Amino acid sequence: MKKFKQFIIRTVPQNNEIISGLLWQLNLDGINEMENELIVFADKSKNILAGDIKNILDEAKKNNFIETYNLIEEELEDKNWNEEYEKNVKVIEVSDKIVIKPSFKEYQPKLGQIVITIDPKMSFGTGEHQTTKMVLKFLEKYIRNGDKVLDVGTGTGILAIASIFLGADKALGIDNDEWCFLNGNENVKMNNVDNKVEIRLAEIHQISEKDFDLITANINKNVLLDIAKEIKNKIKKTGILILSGLLISDEEEIVKKYSSIGFGLLKKMQMDEWISLSFRLLN
């Protein structure tokens with residue numbers, strides 16, 4: 001019987017989505033995202049060491065994705081990883097209106113609810129993380145019928161798909177990760193919105209489209225600071241911008257940067273140590 005290594009990772013803050021994305025650069029067999037920890041599995045024959053994971057976590061600290069971490073290594077007998085994953089994935093009621101579910105779970109929607117089906121695979125953006133939930137709530141507030149939406153760092157495509165369910169006419173989701181490109185397209189087709197949502201393997205400076213009514217970017221502070229001017233070039237006058245992937249401590253620097261190029265802060269939302277900010281382009 002095969003033997004597997006299990007690595008239990010607890011971080012402060014518990015930044016599961018970003019850390020999962022970083023860990024997939026290793027040849028892993030599975031990652032389970034729990035409420036307070038990540039559980040990583042790797043066939044022992046692949047010789048993935050705790051030091052390999054530690055290097056990634058140290059880099060995450062260096063980039064301010066996390067402040068501290070704890071890593072525990074164990075050895076396990078073989079098990080059905082898909083079954084383990086499916087046991088831990090839940091239907092998520094983001095709000096009274098928005099529900100996110102995996103394809104293998106049934107859900108009977110209440111009156112007025114929209115149900116978005118997302119299978120994350122190796123991408124992140126399941127709707128469970130605080131940052132994704134806040135952007136979805138902001139989309140519910142700001143989307144208008146007929147809007148053209150850009151989602152930067154689209155991951156699973158969840159925000160682009162949700163935009164269409166909420167009334168947008170077109171949505172473009174971009175990501176520089178090939179797994180996200182493939183998974184995003186799978187989720188778009190699964191939700192039958194492939195006539196309105198395009199997922200593209202690209203960075204924001206590589207797209208020619210402009211005059212978006214609304215732009216979302218759920219990434220991290222450093223990237224959001226770097227692409228601020230490119231975001232401004234893509235959004236129409238009076239357009240709405242929703243930023244997330246931010247810690248409370250990031251607020252001052254982000255608001256200062258975006259205010260300096262013509263955006264006015266509309267609203268801040270906070271869940272635990274995470275925040276999301278909405279802006280309007282004023283000039």
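See the structure shown above.
Let us look at the structure shown here. (Residues numbered from 1 in each chain as written. Predicted model: local features only at pLDDT ≥ 70, side-chain atom pairs only at ≥ 80, totals over all residues. Heavy atoms only, no water.)

Once that is clear, we can look at the overall build of the chain. Counting secondary structure elements, the chain contains 9 helices and 14 strands. Since a compact globule built from 283 residues should have a radius of gyration of about 19 Å, the 19 Å found for the chain is in line with a globular shape. Along the longest, intermediate and shortest principal axes, the C-alpha atoms of the chain span 60 × 40 × 35 Å. Counting over 283 residues, the chain shows a buried share of 52%. (Helix = DSSP H or I, 4+ residues; strand = E, 2+ residues; numbered from the N terminus. Rg over C-alpha atoms; globule rule 2.2 N^0.38 Å. Buried < 20%, exposed > 50% of the residue type's maximum accessible area, 1.4 Å probe, protein only.)

Hydrogen bonding along the main chain pairs the strands of a sheet, whether they run parallel or antiparallel. Taken together, the 7 strands give an open sheet; going across it, the order is β10-β9-β8-β11-β12-β14-β13, and neighbouring strands pair in mixed fashion. The open sheet has two edge strands, β10 (197-201) and β13 (263-271), and neither has a second partner. Looking at each pair of strands side by side, their axes are set apart by 15° on average, direction ignored. As defined by bridge partners, strand β8 (residues 148-152) adjoins strand β9 (residues 170-175) across 5 bridges and the pair is classed as parallel. Within β9, the residue paired with Val149 across the bridge is Ala171. The strands touched by helix α4 (residues 130-142) are β11 (212-218), β12 (235-247), β13 and β14 (274-281); relative to β13, the strand with the most contacts, the crossing angle is about 130°. (Pairing = 2+ DSSP bridges. Axes fitted to C-alpha atoms, helices over the stretch in contact; angles between N-to-C directions. Contact = heavy atoms within 4.5 Å.)

Looking now at the pattern of salt bridges. Any two side chains of opposite charge can pair, given that their charged atoms come close. Counting across every chain of the model gives 10 salt bridges. Its salt-bridge partner being Glu73, residue Lys5 comes within 3.8 Å of it at the nearest N-O pair. Taken together, the positions of Lys5 in strand β1 (residues 3-12) and Glu73 in strand β4 (residues 68-77) put the pair 68 residues apart, joining distant regions of the chain. Residue class for Glu73 comes out partly exposed when judged on its relative accessible area of 42%. A salt bridge links Glu93 to Lys110, with the shortest nitrogen-to-oxygen separation between them at 3.1 Å. Taken as a pair, Glu93 in strand β5 (residues 92-93) and Lys110 in the loop between β6 (98-101) and β7 (114-117) lie far apart in primary sequence, 17 residues in all. Residue classification places Glu93 among the partly exposed residues on the basis of a relative accessible area of 44%. Under the relative-accessibility criterion, Lys110 is labelled partly exposed at 48%. (Salt bridge = Lys/Arg side-chain N within 4 Å of Asp/Glu carboxyl O.)

This paragraph deals with the environment of Val99. By the secondary structure assignment, Val99 is in strand β6. On a C-alpha basis, the gap between Val99 and Val12 in space is 27 Å, while along the polypeptide they are 87 residues apart. Setting aside residues up to four positions removed in sequence, Val99 forms contacts with Val91, Ile92, Glu93, Tyr107, Gln113, Ile114, Val115 and Ile116.

Turning our attention to unusual backbone geometry. Between Val12 and Pro13 the backbone carries a cis peptide bond, its omega angle lying at -5°. Checked against the element boundaries, Pro13 lands in the loop between β1 and α1 (16-23). Here Asn192, not a glycine, exhibits a phi torsion of approximately 55°, which is positive. Of note, Asn192 is situated in the loop between α6 (178-190) and β10. Among the residues examined, Asn192 registers a relative accessible area of 64% and is labelled exposed. One non-glycine residue, Thr238, lies in the positive phi region at around 75°. Inspection of the secondary structure assignment puts Thr238 in strand β12. Here Thr238 falls in the partly exposed class, since its relative accessible area comes to 45%.

Residues Ile98, Ile100, Leu136, Leu139, Val197, Leu214 and Ile242 are the most contacted members of the largest nonpolar core, which totals 34 residues. Elements supplying a minimum of two residues to this core: β6, β7, α4, α5 (158-165), β10 and β12. Dropping the residues within four chain positions of it, Ile242 is found in contact with Val135, Phe138, Leu139, Tyr142, Leu214, Ile215, Thr216, Ala217, Ser276, Leu277 and Ser278. Counting residues in each nonpolar core, the second largest holds 29 residues, with Ala202, Ile227, Ile275 and Leu281 among its members. (Core = buried A, V, L, I, M, F, W, Y, C linked by side-chain atoms within 4.5 Å.)

For the rest of this paragraph, the subject is the environment of Ile207. Along the chain, the position of Ile207 falls in the loop between β10 and β11. Accessibility expressed as a relative area gives 3% for Ile207, which makes it buried. Taking the C-alpha atoms as reference points, Ile207 and Lys234, 27 residues apart in sequence, are found 9.0 Å from one another.

Attention now moves to helix α9 (residues 251-260). Listed as buried for α9 are Ile254, Val255 and Tyr258. Taken around the axis of α9, the buried residues stretch over an arc of 95°, which confines them to a single face. Exposed positions of α9 whose direction lies more than 90 degrees from the buried face are Glu252, Lys256 and Ser260. Where the residues of α9 are buried, they touch α7 (221-226), α8 (228-234), β12, β13 and β14. (Arc of directions from axis to C-beta.)

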